[in-house]
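Remarks on the overall topology
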Amino acid sequence: MTDRTIATVLCVAAEQLTLAMRGLVLQSEGYEVISASTFEDAMRLAATRDPDLIICEQTIGKESGARLADCLKQLHPETPILLITGVMESIPQSLAVDAIMTKIDGPETFLRNVAALLESPGRRPHAA
């Protein structure tokens, strides 16, 4: 664990392997990770756990990550959302998404994006 203040991160992806790998990367840096593999689970966990950051795939089963981001922003307007996509050109515009990256950007870029979003001005402070 690092000396960084722990933050709770909600990861949303349809594939369990993706959730497991992202979870391991985030946990290795000291983040608490909660995972959801469906739109409904993501909404339920966001409502009950109050995450500091939300990371979601562009495609979650038959649902859109951008649509999920729109719904999650209604619950938590100040919580940053990172959208991860396989193809950057296919991203629908969403004001709810704070950052977008591709799956091929790698773990270093992923962790830099996570840290930047958690440290961004205007973000609500983490309730420790």
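Here the structure is shown first, and the text comes after it.
Everything numeric here is computed off the predicted structure, so don't read it as measured data.

Examining the overall build of the chain
Within the chain, the secondary structure is distributed over four helices and seven strands. Starting at the N terminus, the α and β elements of the chain follow one another as β-α-β-α-β-β-β-α-β-β-α. Burial status across the chain gives 46% buried among its 128 residues. Long-range pairs, those at least 24 residues apart, make up 63% of the contacts in the chain with a sequence separation of at least 6. With the model as given, the accessible surface of the chain reaches about 6,900 Å², and the carbon-plus-sulfur share is 55%.

Here's the deal with the sheet that holds strand E7 (residues 99–102)
The parallel open sheet is built from five strands, whose spatial order is E2-E1-E3-E6-E7. A single partner strand is all that each edge strand has here, and the edge strands are strand E2 (32–36) and E7. Averaged over all adjacent pairs, the angle separating strand axes in this sheet is 20 degrees, with direction ignored. With four bridges connecting them, strand E6 (residues 81–85) and E7 associate as parallel partners. From the neighbouring strand, Leu-83 faces E7, where its bridge partner is Ile-100. Those strands touched by helix H3 (residues 65–75) are strand E1 (8–12), strand E3 (53–57) and E6, and its axis lies near 170 degrees from that of E6.

Looking at a nonpolar patch on the surface
Residues Leu-17, Met-21 and Leu-24 make up a contiguous nonpolar surface patch of roughly 350 Å² in combined accessible area. Inspection of the secondary structure assignment puts Met-21 in helix H1 (residues 16–28).

Brief notes about the nonpolar core
Counting residues in hydrophobic clusters, the biggest one holds 20 residues, and the most contacted among them are Leu-26, Tyr-31, Ile-55, Leu-82, Phe-110 and Val-114. Mapped onto this core, the elements with two or more residues apiece are E1, H1, E3, E6, E7 and helix H4 (107–118). Considering each element in turn, this core owes the most residues, six residues, to H4. Formed by 18 residues, the second largest nonpolar core is a distinct cluster that contains Ala-42, Ile-60, Ala-69 and Ala-96.

Digging into helix H2 (residues 39–49)
One turn of the α-helix equals 3.6 residues, which is why residues spaced by three or four share an orientation. Turning to H2, its buried residues number three or more, namely Phe-39, Ala-42, Leu-45 and Ala-46. Down the axis of H2, the buried set is contained in an arc of 130 degrees. They therefore lie on one face. Facing away from the buried side of H2 by more than 90 degrees, the exposed set consists of Glu-40, Ala-47 and Thr-48. Buried-residue contacts for H2 involve E1, E2, strand E4 (59–60), strand E5 (63–64) and H3.

Some details on H1
Between its first and last C-alpha, H1 extends 18 Å over 13 residues, near the 18 Å set by a 1.5 Å rise per residue. Of the residues making up H1, those classed as buried are Thr-18, Leu-19, Arg-22, Gly-23 and Leu-26. Axial view of H1: buried residues confined to an arc of 125 degrees, hence all on one face. Residues of H1 that are exposed and point over 90 degrees away from its buried face: Gln-16, Leu-17 and Leu-24. Those residues of H1 that are buried are in contact with E1, E2, E3, E6 and H4. Gly-30, located one to two residues past H1, shows a positive phi value of around 95 degrees.

Conventions adopted
Residues numbered from 1 in each chain as written. Predicted model: local features only at pLDDT ≥ 70, side-chain atom pairs only at ≥ 80, totals over all residues. Heavy atoms only, no water. Helix = DSSP H or I, 4+ residues; strand = E, 2+ residues; numbered from the N terminus. Buried < 20%, exposed > 50% of the residue type's maximum accessible area, 1.4 Å probe, protein only. Contact = heavy atoms within 4.5 Å. Areas by Shrake-Rupley, 256 points an atom, 1.4 Å probe, with all protein chains shown as cover. Pairing = 2+ DSSP bridges. Axes fitted to C-alpha atoms, helices over the stretch in contact; angles between N-to-C directions. Patch = residues over 30% accessible without salt bridge, like charges linked within 9 Å, V, L, I, M, F, W, Y side chains within 5 Å. Salt bridge = Lys/Arg side-chain N within 4 Å of Asp/Glu carboxyl O. Core = buried A, V, L, I, M, F, W, Y, C linked by side-chain atoms within 4.5 Å. Arc of directions from axis to C-beta. Expected span 1.5 Å × (residues − 1).

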